[in-house]
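# Descriptive structure summary
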Amino acid sequence: WQKTRFFVNSQPFHEGLKITIAVLIPVLVFTFFGQLHHGVTLGIGSIIASTPDLVGPYRERRQSLFINVIVIFAMSMLTRILPFSDFFLGLFMAFFSFAACMLTVFGIRAMGIGASCLLALFFSLTLTHESSHPITEALLLTAGAIWYMIFVLVLRHMRPYRVSQQVLAECA
């Protein structure tokens, strides 16, 4: 029983629960209104935005989430509005894959932003719906990222010392 209680109060469990709730809320709300595709796209945007959200100073988390929203918007828009032939699409993917991987030089948060850049690129290529405009899909991915950013910042504002308390509790 003690191990289960320790796990439920741990930081990884809290992070997983936070991401799960942030992804499920838009899906459930849009499903209620009969727009499952839009809800799933928002949920995927939330998953992509959660990649660089790591434990650390509040200022760094806020900055990385904001930069991540911009990167997701840029990648999804570029992928959706540029008319690519197969050859140029391959070059585009190779260039941005290399550039995103090179962000690892700047640390673990930058690596998470690079990973979210690649996820936005690949999901933008695969998320298609007959009745949706490509720019609408890109904006929905970005809206999902904005939703995740707002959700995380509100949670942080409600319990500002949760991470510190959990780290101290795990040391004891």
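This text follows the structure it describes.
What this report covers is the structure whose coordinates are included nearby. Everything quoted here is computed from the prediction, not taken from an experiment.

Our next topic: the side chain of Ser76. Relative to the assigned elements, Ser76 resides in helix 4 (residues 58-81). By relative accessible area, Ser76 is classed as buried at 0%. Among the polar contacts made by the side chain of Ser76, one reaches the main-chain carbonyl oxygen of Ile72 at a distance of 2.7 Å. Each residue touching Ser76, except ones within four places of it in the same chain, is listed here: Ser124, Ala138, Leu141 and Thr142.

A separate point is the state of the cysteines. This model, assessed by the stated rule, comprises 0 disulfides. With no disulfide of its own, Cys101 lies closest to Cys117 among cysteine sulfurs, the gap being 9.5 Å. Under the relative-accessibility criterion, Cys101 is labelled partly exposed at 48%.

One can find Thr142 in helix 7 (residues 134-158). For Thr142, a relative accessible area of 7% puts it in the buried group. Dropping the residues within four chain positions of it, Thr142 is found in contact with Val69, Ile72, Phe73 and Ser76. Polar contacts involving the side chain of Thr142 include one to the main-chain carbonyl oxygen of Ala138, which spans 2.9 Å.

Cut-offs used in this document
Residues numbered from 1 in each chain as written. Predicted model: local features only at pLDDT ≥ 70, side-chain atom pairs only at ≥ 80, totals over all residues. Heavy atoms only, no water. Helix = DSSP H or I, 4+ residues; strand = E, 2+ residues; numbered from the N terminus. Buried < 20%, exposed > 50% of the residue type's maximum accessible area, 1.4 Å probe, protein only. Polar contact = N/O pair within 3.5 Å; in protein donor to acceptor, adjacent residues only side chain to side chain. Contact = heavy atoms within 4.5 Å. Disulfide = S-S within 2.5 Å.

Taken by themselves, the reported measurements are silent on function.
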